[in-house]
Amino acid sequence: ILAALILLAAASMAFAQAAPAATQKLLTLDFVDGTDLTVVSGTTTYTYATGGILEGDTIQVGSTIRTGPSTTAELRMASGTIIKLAKSTTFRVEGLAAPAAGTSAFTLLGGKLRSVAAKGSPYDVYTGSTVAGVRGTDFSMSYEEGRKALLLVSKGAVEFGRRGEGNAVLDR
């Protein structure tokens, strides 16, 4: 019986390690300070105040996250990258790639974010008029629709410029 239990446990561990990337939590709501947080995924709206979304829940591609005037939130990518959303921020998840398997993409629709990006986990942050190509760095970004986009790099490098056709970075 003991040998069968050990064999069963080993098989379970092997299956868990071999799980496809689609079942991984590629983006998680890691921390919320405040109660005014809304996540819109498809046609469904989830609110933190009512328990519709909780810390530890997975954020799906296509979801839009809004923090209210007294709420901040932190998202964690599977790679370890942390994205901190400031108060009164609207942020959309455009695409998620498994660590070291491609580039994830997000849109900052308004507000501010700060990110500490893990090396080997590239992603792009778009605004209405700019794109920032993040490749393992510590930076902050803010955007006001129709007014300005601001990027501050604390450590590392970010490719930043006007957003062109196909989301290419222009005027670096």
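Counting restarts for each chain, with residues numbered from 1 along the sequence as it is written. With the structure being a predicted model, the display of local features is reserved for residues of pLDDT at least 70 and the display and counting of side-chain atom pairs for 80 or more, all residues being used for whole-chain, interface and lining totals. Values shown for side chains rest on all heavy atoms present in the structure; no hydrogens or waters enter the calculation.

**Description of the overall build of the protein chain**
Okay, so step 1: Along the backbone of the protein chain there are 1 helix and 14 strands.
Okay, so step 2: A 1.4 Å probe rolled over the protein chains alone gives each residue an accessible area, and that area as a share of the maximum for its type sets the label: buried under 20%, exposed over 50%, partly exposed in between. Expressed as a percentage of its 172 residues, the buried residues of the protein chain come to 38%.
Okay, so step 3: Surface exposure here means Shrake-Rupley accessible area, sampled with a 1.4 Å probe, where a residue is shielded only by the protein chains that are shown. As presented, the protein chain carries roughly 9300 Å² of accessible surface, and 56% of it is formed by carbon and sulfur atoms. Labels follow the DSSP assignment, with helices taken as runs of H or I lasting at least four residues and strands as runs of E lasting at least two, numbered in each case from the N terminus.

**Examining the packing of aromatic side chains**
Ring pairs (aromatic) are described by centroid distance and by the angle formed between their planes.
Okay, so step 1: For this analysis, a ring pair means two rings from Phe, Tyr or Trp (six-membered ring only for Trp) whose centres lie within 6.5 Å, classed as stacked if their planes differ by under 30 degrees, edge-to-face if by over 60, and tilted for the remaining angles. If you walk through the whole model with that rule in mind, you get 2 aromatic pairs.
Okay, so step 2: Ring plane angle 20° and centroid distance 5.2 Å describe the contact between Phe-91 and Phe-106, whose orientation is recorded as stacked. One end of the pair, Phe-91, is in strand β7 (residues 90–95); the other, Phe-106, is in strand β8 (residues 104–116), with 15 residues separating them in the sequence. Comparing Phe-91 with Phe-106 shows no difference in burial state: the two are buried.
Okay, so step 3: Pairing Phe-106 with Tyr-123 gives two aromatic rings, centres 5.7 Å apart and planes at 80°, and the pair type is edge-to-face.

**Here's the deal with the pairing of strand β5 (residues 72–77)**
Okay, so step 1: Burial along β5 is one-sided: the face carrying Ala-73, Leu-75 and Met-77 is buried and the face carrying Thr-72, Glu-74 and Arg-76 is not.
Okay, so step 2: As defined by bridge partners, strand β1 (residues 27–33) adjoins β5 across 6 bridges and the pair is classed as antiparallel. Along β5, the bridge assignment pairs Val-32 with Ala-73.
Okay, so step 3: As judged from the 4 bridges shared by β5 and strand β6 (residues 82–85), these two strands associate in the antiparallel manner. Among the inter-strand pairings, Glu-74 is bridged to a residue of β6, identified as Lys-84. When DSSP locates at least two bridges between a pair of strands, those strands are taken to pair.

**Comments concerning the pattern of salt bridges**
Okay, so step 1: In what follows, salt bridge is the name for a side-chain nitrogen of Lys or Arg lying within 4 Å of a carboxyl oxygen of Asp or Glu. Evaluated as defined, the whole model comprises 3 salt bridges.
Okay, so step 2: Where Arg-76 meets Asp-30, a salt bridge forms, and the shortest distance between an N and an O atom there is 3.3 Å. Separated by 46 residues along the polypeptide, Arg-76 in strand β5 and Asp-30 in strand β1 bring together distant segments of the chain.
Okay, so step 3: Here Arg-76 falls in the partly exposed class, since its relative accessible area comes to 33%.
Okay, so step 4: With a closest N to O distance of 2.6 Å, Glu-94 and Arg-92 form a salt bridge.
Okay, so step 5: Under the relative-accessibility criterion, Glu-94 is labelled partly exposed at 34%.

**Some details on the side chain of Thr-71**
Okay, so step 1: Locating Thr-71 in the fold gives a position in the loop between β4 (64–67) and β5.
Okay, so step 2: In this structure the side chain of Thr-71 is engaged in a polar contact, spanning 3.3 Å, whose partner is the backbone nitrogen of Thr-35.
Okay, so step 3: Polar contacts here mean pairs of N or O atoms no more than 3.5 Å apart (in protein, one a potential hydrogen donor and the other a potential acceptor; neighbouring residues in sequence count only if both atoms are side-chain atoms). A polar side-chain atom of Thr-71 sits 2.9 Å from the main-chain amide nitrogen of Asp-36.
Okay, so step 4: Filtering out sequence-adjacent residues up to four positions away, Thr-71 remains in contact with Val-32, Asp-33, Gly-34, Thr-35, Asp-36, Leu-37, Ala-86, Lys-87 and Ser-88. When checking whether two residues touch, look at their non-hydrogen atoms; a contact exists if any pair is within 4.5 Å.

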